[in-house]
Amino acid sequence: MPRPLSATIHLDSMQHNLSRVRTEAPLAKIWAVVKANAYGHGLERGMRGFAQADGLALVETENALRLREAGWIKPILLLEGIFDASDVPLLAEHNINSTVHNIEQVKMLEYTQLYRPIDVHLKMNTGMNRLGFTPDEYAAAYKRLRAIPGIRNITHMTHFANADELEHPRLTIAEQVRRFQYGAGDLPGERSLSNSGGVLHGAELAGMLSNDWVRPGIMLYGGTPGGRAAADYGLRPTMTLRSEIIGIQQLEAGETVGYGSRFEAPGPMTVGVVACGYADGYPRHAPHGTPVIVDGRRTTLVGRVSMDMMTVDLTPVPNARVGSKVLLWGDGLPIDEVAQAAGTIGYELMCALAPRVRVLEGRMGSDG
Ligand SMILES: Cc1ncc(COP(=O)(O)O)c(C=O)c1O
């Protein structure tokens, strides 16, 4: 028998969440973001779950090629663009759309003969200060790209730093859009601004965003970038992490649990040992009180998460035994809630799912 820990990926929820993007941004084409192994869900599963997207966006050329080999024929976008001039011929050969965010990439495109036209996304840095040309440099970068004979469509792109918080005190979406409009002005070409936060706030931002393409990631995987709960937006979980109780300990008052003896039993209590630890991707820093569901009852983590195991309070589940079902996140326990308790974000939990965890596919509501 395999170890009882498994992650079930719900392709039906992935399709559903994609349809939520269509509803929120009905006029835009969708780049489904499948970087980081489709946020931990598996690249090929991302391709299948988001088959109705208009394109897939990721980071590595080798994974773009994997998508082509797996049969994806629609557009692919490299979100960080190329890393070396030797990548340029691949763009033409495999019809891969590249982000261009610095002058080195412009030069690589200028110096390499393109034997087939390619499309690019020209990125503006509107305050995120990660990738892109400043609004003042932008038109000149555009002009240089436009002069390269092998470049066909140039889409104007920027990325929001605080799409989850409309009134962010330091940098608002409105301010980033203002800078974008200043830099891109009336330059011809399509526009791509919104990530999940921008899509989810589409109604509040109506009239401000002109997206020909949106680039949602986390909302496709049933999480949110912050703010309201995913279910409030009609999003469904796409990854359910389940395990079982593999040991039970009876503690007397004052006894402690696990490494560092951090948790002390306030009175006699029963503790369950769950087959899941930080080497599986469960956050080691999740504190006492992080929610866990055992046999359908909500309880909490106690003690420190170790490499292969973690311990939970069985007081609310007196009938729990070895073999009891444990839900760590997903269908029935929002990943964002677990992440928040652990001081991180749902993105990190999904992406950190370890290769040793068995991955199954199953519809939401099934046991996987
Ligand atoms: C350029 C770009 N666009 C879109 C996304 C998707 O963001 P989110 O997962 O918040 O929707 C990312 C993710 O970081 C990104 O880097």
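Within each chain, residues carry numbers counting from 1 in the order of the written sequence. Note on the predicted model: pLDDT of at least 70 is required for a residue's local features to be given, and 80 or more for side-chain atom pairs to be given and counted; whole-chain, interface and lining totals, by contrast, use all residues.

## Quick notes on the overall build of the chain
What the chain contains, in helices and strands, is 11 helices and 18 strands. Overall, the chain is about 75 × 45 × 35 Å in size when its C-alpha atoms are taken along their principal axes. Sequence separation of 24 or more characterises 63% of the internal contacts of the chain that already satisfy a separation of 6 or more. For the purposes of this entry, the term helix denotes a DSSP run of H or I that reaches at least four residues, the term strand denotes a run of E that reaches at least two, and both are numbered from the N terminus. It is the C-beta atoms, placed from the backbone, that decide contacts: two residues are in contact if theirs lie within 7 Å.

## Focus: helix H8 (residues 173–184)
Under the convention used throughout, the expected extent of a helix is 1.5 Å for every residue step, that is, one less than its residue count. Between the first and last C-alpha of H8 there are 16 Å, a value that for 12 residues agrees with the 16 Å anticipated at 1.5 Å per step. Burial in this document is a count-based property: other C-beta atoms within 10 Å of a residue's C-beta are tallied, and the residue is buried at 20 or more, exposed at 12 or fewer, or partly exposed in between, with C-beta positions derived from the backbone. Among the residues of H8, Ile-173, Gln-176, Arg-179, Phe-180, Gly-183 and Ala-184 are the ones counted as buried. Projection of H8 onto a plane perpendicular to its axis shows the buried side chains occupying an angular sector of 125°, all on one side. Tucked inside the fold, the buried residues of H8 contact strand S6 (118–124), helix H7 (135–146), strand S7 (151–158) and helix H9 (196–200). Gly-185 sits one or two residues past H8 and shows a positive phi near 45°. When we speak of the arc, we mean the arc of directions from the helix axis to the C-beta atoms.

## Observations concerning the domain arrangement of the chain
The domain limits used here are those given by an automatic or database domain assignment. Along its sequence, the chain is organised into domain 1 (11–223) and domain 2 (239–361). A straight line from the C-alpha centre of domain 1 to that of domain 2 covers 37 Å. At the interface, nine residues of domain 1 touch 11 residues of domain 2. By the convention adopted, Pro, Cys, Tyr, Trp, Phe, Met, Ile, Leu, Val and Ala count as nonpolar, Lys, Arg, Asp and Glu as charged, and the other residues, Gly among them, as polar. Grouping the constituent residues of the side of domain 1 that touches domain 2 by class yields five nonpolar, four polar and no charged.

## Regarding unusual backbone geometry
In this structure, Asn-37 takes a positive phi of about 60° despite not being glycine. Judged by local crowding, Asn-37 falls into the partly exposed class, with 18 C-beta atoms found within 10 Å. Positive phi, normally seen in glycine, also occurs at Ala-38, with a value near 55°. As for its position among the elements, Ala-38 is in helix H2 (residues 35–39).

## Some points on the pairing of strand S2 (residues 29–33)
Burial of S2 is extensive: four of the five residues sit out of reach of the surface. Pairing between strands requires that DSSP locate at least two bridges from one strand to the other. Pairing of S2 with strand S9 (residues 213–214), which is carried by two bridges, proceeds in the parallel orientation. Pairing of Lys-29 across the sheet is with Trp-213, part of S9. Bridge count for S2 against strand S3 (residues 55–58) is three bridges, and the pairing is parallel. Looking across to S3, one finds that Ala-32 is bridged to Leu-56.

## Here we look at the nonpolar core
Membership of the largest hydrophobic core comes to 99 residues, with the highest contact counts inside it found for Ala-32, Val-34, Leu-56 and Val-312. Per-domain counts for this core show at least three residues from each of domain 1 (11–223) and domain 2 (239–361). Look past the residues within four positions of Val-312 in its chain and what remains in contact with it is Val-271, Gly-272, Val-274, Val-292, Val-294, Thr-299, Thr-300, Leu-301 and Val-302. As used throughout, a nonpolar core is a set of buried Ala, Val, Leu, Ile, Met, Phe, Trp, Tyr and Cys residues joined through C-beta atoms within 7 Å of each other.

## Quick notes on the pairing of S3
Here three bridges tie S3 to strand S4 (residues 76–78), and the two strands are oriented parallel to one another. Considered in S4, the bridge of Leu-58 is made with Leu-78. Crossover handedness is defined here as right-handed if the route from the first strand over the helix to the second strand goes clockwise, with the strands pointing away from the viewer. Taking the sense of rotation as the criterion, the β-α-β connection linking S3, helix H4 (residues 61–69) and S4 turns out right-handed.

## Things to note about the environment of Gly-40
In this fold, Gly-40 is placed in the loop between H2 and helix H3 (43–49). Its 23 C-beta neighbours within 10 Å are what place Gly-40 among the buried residues. When the C-alpha atoms of Gly-40 and Cys-276 are compared, they prove to be 17 Å apart, with 236 residues separating the residues in sequence. Each residue touching Gly-40, except ones within four places of it in the same chain, is listed here: Met-239, Met-350, Cys-351, Ala-352 and Leu-353.

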